[in-house]
Amino acid sequence: MVLNGPQLDPIRLLHRHDGFVSFSVTDGEDLWPKRAIRADALGRLFPDIKHELIRDSFVSLNAAYRHNRGVNGSQGHPQHRNDTLRFLCACYCDLDFYNKGLSLKSVIAEIKTLIKQKKLPRPSILVDGGHGLWLLWLLHDPNDSSTAHIGAWMDNRNDHYQFYVKVNKAIGQQLDYLGADIGAVDGARHIRIPGSWRNDHEATVRWKVLKYGNSAPPSYTLKELGNLLGVKPAGKRRSSRNGQPGPRAKFPQRGKGWKVGRQNTLAAFETLRSLRQGGFDKGLRNRAALVYAELLKLNGASRQDVSTAIRGIYLTPPTATGCGLTRV
């Protein structure tokens, strides 16, 4: 059984930032979110939920910029997805070595050999979940070694998240013969909480921080870890002559699609306006004028043309049931 219960120190080592750390539990099949706590408030708030995390509990590997009600406050219900990430805390590999008929002892010995031969970057944390093994490589930001990597959002122009996935994939491919789960590469993963109890295998989850004789475990920038694994960042987008990002080669006609879409929306509004015989009833006029002016502007109309056009909105039409603005 669990001796001391969930441990906070290893979690704080992983989550060095001011983003939101998510905690969840499982019933053996589904993962149920419990609480998202901002990392700088873990010392104060983690004890409040510790009793809920004694058995079959998980913590997010990376951190989101928000909880489900936004960014205010120090806690809330988790909203932990790949599209809400901000901090990348560790690259990882999930080794289901039992699928290869291997033992924990033999796998750890093989990992030590790979490290000694410089075929594998030194992991920072080894997680024995009671059934399988996780390896974690801590990440720090290139501009501040005291915090986790900042810039995880998926539309970052430097593609930090996509590069993160590539690094995880490279680790998995290298350790495939040890039972690596090569599908475990995304950033929204959860891992069992240190010191928690695993019901299905009746084992305590143990995190071992690896120091290699130093006072602290190894930590890498995402680029450094990628270089050690032979993974190169994606090239920058093509730029036009004025230095601004050019159109993606894969979608050279994207601008035309947007133009046609704006034209179609304006045409739909004009159809509705004709059904209203040119004007709109009281209570709808101001909103209709605002929508119409915005559509005209998006389609290239001048301010004077817009001003002239929206005057017709204020004509009072005969009542026409079912032709309200809400259908635009």
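Only a predicted model underlies this, so the values are computations on that prediction, with no experimental measurement involved.

Thresholds, definitions, all that
- Residues numbered from 1 in each chain as written.
- Predicted model: local features only at pLDDT ≥ 70, side-chain atom pairs only at ≥ 80, totals over all residues.
- Heavy atoms only, no water.
- Helix = DSSP H or I, 4+ residues; strand = E, 2+ residues; numbered from the N terminus.
- Buried < 20%, exposed > 50% of the residue type's maximum accessible area, 1.4 Å probe, protein only.
- Contact = heavy atoms within 4.5 Å.
- Areas by Shrake-Rupley, 256 points an atom, 1.4 Å probe, with all protein chains shown as cover.
- Pairing = 2+ DSSP bridges.
- Polar contact = N/O pair within 3.5 Å; in protein donor to acceptor, adjacent residues only side chain to side chain.
- Phe/Tyr/Trp six-rings, centres within 6.5 Å; stacked < 30°, edge-to-face > 60°.
- Salt bridge = Lys/Arg side-chain N within 4 Å of Asp/Glu carboxyl O.
- Arc of directions from axis to C-beta.
- Core = buried A, V, L, I, M, F, W, Y, C linked by side-chain atoms within 4.5 Å.
- Expected span 1.5 Å × (residues − 1).
- pLDDT = per-residue confidence, 0-100.

The number of helices and strands found in the protein is eight helices and 15 strands. Looking at the protein as a whole, 45% of its 328 residues are labelled buried. For the protein, long-range pairs separated by at least 24 residues make up 70% of all intrachain contacts whose partners lie at least 6 apart in sequence. Within the structure as shown, the protein displays about 18300 Å² of accessible surface, and the carbon and sulfur contribution to it stands at 49%.

Here the focus is the pairing of strand S1 (residues 20-26). By the criterion of burial, S1 is predominantly enclosed, with seven of the seven residues buried. Both faces of S1 are covered, namely the face carrying Phe20, Ser22, Ser24 and Thr26 and the face carrying Val21, Phe23 and Val25. Bridging between S1 and strand S2 (residues 31-38) involves seven bridges; their strand directions are antiparallel. Opposite valine 21, over in S2, you have isoleucine 37 as the bridge partner. Relative to strand S3 (residues 57-60), S1 is paired through three bridges, and the arrangement is antiparallel.

Next up on the list: the side chain of histidine 149. Inspection of the secondary structure assignment puts histidine 149 in strand S10 (residues 149-150). Residue histidine 149 is classed as buried on the basis of its relative accessible area of 4%. A polar contact is formed between the side chain of histidine 149 and the side chain of histidine 160, at a distance of 2.9 Å. Ignoring any residue separated from it by four or fewer positions in sequence, one finds histidine 149 in contact with Arg86, Phe87, Leu88, Leu139, His140, Asp141, Pro142, His160 and Leu222.

Throughout the structure, instances matching the rule amount to four aromatic pairs. Pairing phenylalanine 23 with phenylalanine 46 gives two aromatic rings, centres 5.6 Å apart and planes at 50 degrees, and the pair type is tilted. In this pair, phenylalanine 23 sits in strand S1 while phenylalanine 46 sits in helix H2 (residues 42-49), placing the two residues 23 residues apart along the sequence. Across the pair, phenylalanine 46 and phenylalanine 23 agree in class, each one buried.

Inspection of every chain in the model, using the stated rule, returns seven salt bridges. Here arginine 35 makes a salt bridge to glutamate 52, at a shortest N to O gap of 3.9 Å. Here arginine 35 is found in strand S2, whereas its partner glutamate 52 is found in the loop between H2 and S3, with 17 residues between them in sequence. Among the ionic pairs, arginine 81 bridges to aspartate 83, the shortest N-O distance being 2.8 Å. With relative accessibility at 36%, the residue arginine 81 sits in the partly exposed group. Within this structure, Lys34, Arg35 and Glu52 form a network of salt bridges that share partners.

Looking at the secondary structure, you find histidine 201 in the loop between strand S12 (197-198) and strand S13 (203-204). Taking the C-alpha atoms as reference points, histidine 201 and glycine 129, separated by 72 residues in sequence, lie 9.3 Å from one another. Among residues more than four places away in sequence, those in contact with histidine 201 are Gly130 and His131.

This part is about H2. All of the buried residues in H2 are Leu42, Leu45, Phe46 and Ile49. Seen end-on, H2 carries its buried residues on one side only, within an arc spanning 110 degrees.

Counting residues in hydrophobic clusters, the biggest one holds 64 residues, and the most contacted among them are Phe23, Leu95, Leu136 and Leu175. If one sorts the elements of this core by residue count, strand S9 (residues 133-139) sits on top with seven residues. Excluding its chain neighbours within four sequence positions, the residues that come into contact with leucine 175 are Cys93, Leu95, Leu114, Leu120, Leu135 and Ala180. With nine residues, the next largest nonpolar core counts Tyr292, Leu295, Leu296 and Val306 among its residues.

Bringing helix H4 (residues 160-174) into the picture now. Because each turn of an α-helix spans 3.6 residues, side chains separated by three or four positions in sequence point in the same direction. With 15 residues, H4 extends 21 Å between its outermost C-alpha atoms, agreeing within 8% with the 21 Å of an ideal straight helix rising 1.5 Å per residue. Taken together, the buried positions of H4 are His160, Tyr161, Phe163, Tyr164, Val167, Asn168, Ala170, Ile171 and Gly172.

Attention shifts here to the confidence of the model for the protein. Looking at the protein as a whole, its pLDDT mean stands at 84, while 80% of the residues score no less than 70. When the criterion is pLDDT under 50, residues 237-249 qualifies, and its contacts beyond four places in sequence or with other chains add up to nine contacts.

Working note: regular strand, side chains alternate between the two faces of the sheet. Adjacent in sequence and paired antiparallel, S1 and S2 are bridged by four residues, among which glycine 28 carries a positive phi angle near 105 degrees. Sheet topology note: the S2/strand S5 (residues 75-76) ladder contains two bridges and is antiparallel. When the sheet's bridge partners are listed, isoleucine 37 is paired in S5 with glutamine 75.

Summarising the element assignment, threonine 26 is placed in strand S1. For threonine 26, the side chain forms a polar contact with the main-chain nitrogen of glycine 28, separated by 3.0 Å. Beyond its immediate stretch of four places on either side in the chain, threonine 26 contacts Leu31, Asp56 and Phe58.

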